[in-house]
Each structure stands twice: as structure tokens, then as C-alpha cells.
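Here is what each chain is made of, one letter per residue.
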Amino acid sequence: MASVSELYDVGWEEMRDKLRKWREDNCRNSEQIVDVGEELISDHGSKLGDDVWIIYEQVMIAALDCSRDDLAITCLQELKKQFPDSHRVKRLSGMRLEALERYDEANKYYEAILQDDPTNTAARKRKIAILKAQGKTTEAVRELNEYLEQFVGDQEAWHELSELYINEHDYGKAAFCLEELMMTNPHNHLYCEQYAEVKYTQGGLENLELSRKYFAQALRLNNRNMRALFGLYMVSAIPRMSD
Amino acid sequence: MPIILTTQAYCKMLLHAAKYPHCAVNGLLVAEKVKDNKKDHSAPVICVDCVPLFHGTLALAPMLEVALTLIDTWCKENRYFIAGYYQANERTKDFRPNQVAEKVAARIAENFGETAIVMVDNSRLTMSCFEPIVLIYDHHENKWKSRDVNHDCFEDWVEAQKITSALLEGRSYEHLIDFDNHLDDLRNDWTNPVINKSVLDLC
């Protein structure tokens, strides 16, 4: 099978830059990351300098997503050799156990990290992720709420909570989470638009009015947001909303 | 009047699920309209195609309503009608229809009484899929009950299995467009002519 560099005619620097872009954008295109990352590490590992460690981490997580335990273990071992006492690497070991569905063992890893460092947010979030994976949504919601009482500024957590509430059809609480996000990110058209969608789904005259306002706001912030445009049309087309 | 799946419908369903392994995905199943006087009420309804809708958050109304409206119009132009709904849940071992599935199916049932819910069994999704990995739920006495799925639920199971397997191995799901992709960039065509052609070429 042709290598990535052959297929796309790219050099190792472009591959490294692509991986960095995916890291910064938090993309979950795990198959691509594994393809590019595996080749980069095996063929050009020595040229990467200190970047190699963060690439190991990125590729390891992508490998877990693709069920490539062999690749995940390789990356993990390199990281363990280089950073033997690191909590960050311990968390990756825990994630590998999660991928193998060995949740109790994974939880032990995270609890050990939290004993050592009670403020370690990554370990707490992994514990919540385990609850979500096991389908224990109520507990996940409760733990996430407790987490957010302590770490009020964690936007990723607010967004995760809003998604959990939406899946439970608790639109009122989902709206609250999105309001927190909009307060700290007033120029983010995506939060406005998602808030408008939640309000629309809730229904009722007040909520529909809010929905229309926020679809309009999202469009003001980004006039190419098609969901906001469609949403504005849908909510305006409801009888009584065009009065 | 049970529904039957063609290769194209089954294939695109699984490609959609494979494209977003970490998300829930859903979509609609469409069947061809038969003239009333020719309609044989005991004949099964053949779902010739599916339209992948969303991935990730499925429980929000506005975009779903936009999709249903646009797809309805497209159906009328092509002499199709919406006959069913499919969903693959977020978690591997979860294959029961949830509230979203039941609500959408109820909406479809307003126009077509024999609507079915097709759930994908994620735990059995592999490259080869030697056996059908869907569960079909019909509405009986206000409840959704699953029916036995065997090779008779497909127009041609052997062909469906071969083509699905080939497309999964070839990573064709990278080119599958769902309605979410269309909303991100209107040039993306949710009727998936490219994938349809791939399926036809392999037939």
C-alpha cells in the first residue's frame, strides 16, 4: 500500500504541520491521524525534535479510536520511557484501558492521579467520560455539574454538559449551559445558533421569540451560517411568529 | 407490509455509521411510489435509498424539520416517499430506539402508516459483516417491536453484503455526505451521486 507521502506528494514537514493543525482544531479524524502520524514517527522520528512527544500523544489517542492497540502501546511506551512519573502519561494509560473497556482498572489509574493531585482536571473528566461510556448518564451529569462548580471556566465541560442535557431532552438545562458559553464567548456564532436551536425545540411563544432573536444574532456574527439562516426562516414561518 | 432494503439503502446506512464511529447518526429511508391502482397491499415496501441526516446531536428540532421538508420535496420530484427511519446510537452496545427515533418515526407515520425504524447494531459492525447487522422495528399496538431479521429483509443479501464490505474496506465512507455536511457547505450533495455510482459500478 502506498505511503501517505507518496499518495499525496508531501514531505515530512507538511505532514508534521498537518498534524499540528488537526491538534489545534481538535479534529477527531482518527484514521487520517493514524495514517499520517504512524508514517511520520517511523520514517522521520529523528527529525521531529521535541515535537515528537506531543505527536506520540496525538497518534496514541487516534490509535485508540481506530482499535490499533499495537500502535497505541508503542507510543505509550516511548512516552513512559521519556516521562516516567508524568500524570499526563498516566492519563493516557488510563485511556488505553478505557478503550479496552477495562473501566474499573482505568478508574483506579485516575483515582491515583487525583490522590496525588486533586486539581487534575484531565483525570476527573476521564472519570466522567467512563460514566458516559457505561451509559450512566445521570451520574455523568451529576459529576459534571460538581466539576463545573469548581472549574467554572471550563468551556469544553459546559459544552459537554449541554450535549448530555440535550440527549436527555432536558432542553431548559441545556439552554443554561449554552448561556454560560455565550456569556464568555459573545462573538461565537455557533453557540448562538445552537442556543437558538434548543429554544426552538423547547417550543412555546417565549422560547420561539428567543430562538428567532438568537438565530438572527448568529447571522449577524456570521452571515454564512446556513443553520442560522434556515433556523430564522423556520421560526419566522411559524404562524403567530410573523405577527 | 414489511419493508425490504436494497443494496444501496443498506450500504449507505452502514457507511454513514462507519464515517462517524464516535457519534450517533440517523437518516431516512425512501421507497418508490407505486400507482394506487397497481398497489398490491400485501407486497413488501422496497426501500430503494436512504438519505443520511445528522451525526452527533440528533435531538434538536429545527434542522430536522428543514431536512424533512427538503427531502419531502425531493421525494415528490423523484416519485419517492419517506418510508422509514434509521439510527445508529452513540454507544456500541446500545441498539434500542430512543425517544428521538420514536418521535421522528411518528412524524413519518403521519404520511405512511407502515413506517419502520431500522437500528444499526454497532457491536456487530465489521468490515465483512457476513450477517445483516440491522434490527427492524414495527409499530404494533402503540409499541415498537423488533422483527426477525434474515436475508429475506433484503432485495439481494449476497450482493448487499459484498458491496457493503467492498466499500467499507475502500473507505468510501470518507466521501459520504449527510445533511449536516450539506448545512456546513451547501455544495455538498446529500443525495450522494458519487456513492450511488460506486454502488452501481460494483453491482
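These numbers come from a predicted model, not from an experiment. (Residues numbered from 1 in each chain as written. Chains lettered and ligands numbered in written order. Predicted model: local features only at pLDDT ≥ 70, side-chain atom pairs only at ≥ 80, totals over all residues. Heavy atoms only, no water.)

**Q** Can you explain the interface of chain B and chain A? Please cite residues and give values.
**A** Chain B puts 22 residues into the contact, and the matching count from chain A is 24 residues. Taking both sides of the interface into account, the surface hidden between chain B and chain A amounts to around 2100 Å²; carbon and sulfur atoms contribute 57%. Among the residues of chain B in contact with chain A, L60(B), P62(B) and M63(B) are the three that bury the most area, contributing 23% of the side total. Along the contact surface separating chain B from chain A lie five salt bridges. At the junction of chain B with chain A, the criterion picks out ten residue pairs in polar contact (both at pLDDT 80 or more). Contributing elements (two or more residues each) for the side of chain B that touches chain A: α2 (61-78), α3 (99-109) and α5 (179-184) of chain B. (Contact = heavy atoms within 4.5 Å. Buried area = accessible area lost by both parts, 1.4 Å probe. Salt bridge = Lys/Arg side-chain N within 4 Å of Asp/Glu carboxyl O. Polar contact = N/O pair within 3.5 Å; in protein donor to acceptor, adjacent residues only side chain to side chain. Helix = DSSP H or I, 4+ residues; strand = E, 2+ residues; numbered from the N terminus.)

**Q** Account for the confidence of the model for chain B, naming residues and giving values.
**A** On average, residues of chain B carry a pLDDT of 91, and 97% of them reach 70 or more. In the model output, the complex is listed with pTM 0.93 alongside ipTM 0.91. (pLDDT = per-residue confidence, 0-100.)

**Q** So what's going on with unusual backbone geometry? Residues and values would help.
**A** Phi at S67(A) takes a positive value of approximately 65°, unusual for a residue other than glycine. One can find S67(A) in the loop between α4 (51-65) and α5 (69-82). The exposed category is assigned to S67(A), whose relative accessible area is 67%. Despite not being glycine, R79(B) has its phi angle at roughly 60°, a positive value. Position of R79(B) among the secondary structure elements: in the loop between α2 and β4 (80-88). (Buried < 20%, exposed > 50% of the residue type's maximum accessible area, 1.4 Å probe, protein only.)

**Q** Tell me what's going on with the side chain of Q194(A), and back it up with residues and numbers.
**A** Mapped onto the secondary structure, Q194(A) falls in helix α12 (residues 189-202). Setting aside chain neighbours within four positions, we find Q194(A) in contact with H159(A), I166(A), L178(A), T57(B) and L60(B).

**Q** Residue-level account of the UniProt feature "domain: EMC2 TPR-like" (unreviewed entry) in chain A, with values.
**A** Following the UniProt record, the feature "domain: EMC2 TPR-like" (unreviewed entry) maps to residues 90-199 of chain A here. Along residues 90-199 of chain A the backbone is 81% helical and 0% strand, and the end-to-end C-alpha distance reaches 41 Å. (UniProt positions renumbered as here; feature names shortened; annotations may be inferred.)

**Q** I'd like a description of the UniProt feature "repeat: TPR" (unreviewed entry) in chain A, backed by residues and values.
**A** Here, UniProt's "repeat: TPR" (unreviewed entry) annotation points to residues 155-188 of chain A. Taken as a whole, residues 155-188 of chain A contains 79% helix and 0% strand, while its terminal C-alpha atoms sit 12 Å from one another.

**Q** Any chance you could break down the pairing of β4(B) for me, citing the residues and the numbers?
**A** Residue and element names in this part refer to chain B. Across the nine residues that make up β4, a large majority, nine, are buried. Examined bridge by bridge, strand β2 (residues 25-32) and β4 share eight bridges and lie antiparallel to one another. Bridge pairing links N26 to Q87 in β4. Sheet analysis places β4 next to strand β5 (residues 116-120), joined by four bridges and oriented parallel. Within the sheet, the bridge partner assigned to G84 lies in β5 and is A116. In the classification by handedness, the crossover that spans β4, the intervening α3 and the parallel β5 is right-handed. (Pairing = 2+ DSSP bridges. Right-handed = clockwise from strand over helix to strand, strands pointing away.)

**Q** With reference to specific residues and values, describe the sheet that holds strand β3 (residues 45-55) of chain B.
**A** Residues and elements named next belong to chain B. Spatially, seven strands are ordered β1-β3-β2-β4-β5-β6-β7 in an open sheet, and the strand pairing comes out mixed. Looking along the sheet, the strands with just one partner apiece sit at the ends: β1 (3-5) and β7 (143-147). Going from strand to strand, the sheet's axes swing by 40° on average, the running direction of each strand aside. Docked against the sheet, helix α1 (residues 7-19) engages β1, β2, β3, β4, β5 and β6 (134-140), running at close to 20° with respect to β3. Lying over the sheet, α3 contacts β2, β4, β5 and β7, oriented at roughly 175° with respect to β4. (Axes fitted to C-alpha atoms, helices over the stretch in contact; angles between N-to-C directions.)

**Q** Tell me about the state of the cysteines, residues and numbers included.
**A** Per the stated rule, a full pass over the model turns up zero disulfides over all chains. With no disulfide of its own, C23(B) lies 13 Å from the sulfur of C27(A), the closest cysteine sulfur. We note that C153(B) lacks a disulfide partner, and the nearest cysteine sulfur, in C47(B), lies 11 Å from it. (Disulfide = S-S within 2.5 Å.)

**Q** Help me get a handle on the pattern of salt bridges, residues and values and all.
**A** Residue and element names in this part refer to chain A. Counted under the stated rule, the structure contains 31 salt bridges over all chains. Where D70 meets R68, a salt bridge forms, and the shortest distance between an N and an O atom there is 3.1 Å. Here D70 falls in the partly exposed class, since its relative accessible area comes to 47%. In this structure, K132 engages E160 in a salt bridge whose closest nitrogen and oxygen atoms are separated by 2.8 Å. Of the two residues, K132 sits in helix α8 (residues 121-133) while E160 sits in helix α10 (residues 155-167), which places them 28 residues apart along the sequence. The network of salt bridges with common partners includes R16, D17 and R20.

**Q** Lay out the packing of α1(B) against helix α4 (residues 157-169) of chain B in plain terms, naming residues and giving numbers.
**A** Residues and elements named next belong to chain B. Two elements in contact, α1 and α4, have axes separated by 9 Å at closest approach and are oriented at 30°. Relative to α4, α1 is oriented roughly parallel. Helix-helix and strand crossings are classified by hand; for α1 and α4 the assignment is right-handed. Facing T7, Y10, C11, L14, L15 and A18 of α1, the residues of α4 in contact are W157, E159, A160, I163, T164, L167 and L168. (Parallel < 35°, antiparallel > 145°, perpendicular 65-115°, else oblique. Left-handed = near helix turned anticlockwise from the far one by under 90°.)

**Q** Break down the pairing of β5(B) for me, with residues and values.
**A** Looking down a regular strand, the side chains alternate between one sheet face and the other. Most of β5(B) is tucked away: five of the five residues are buried. Going residue by residue along β5(B), you find A116(B), V118(B) and V120(B) tucked away on one face and I117(B) and M119(B) tucked away on the opposite face as well.

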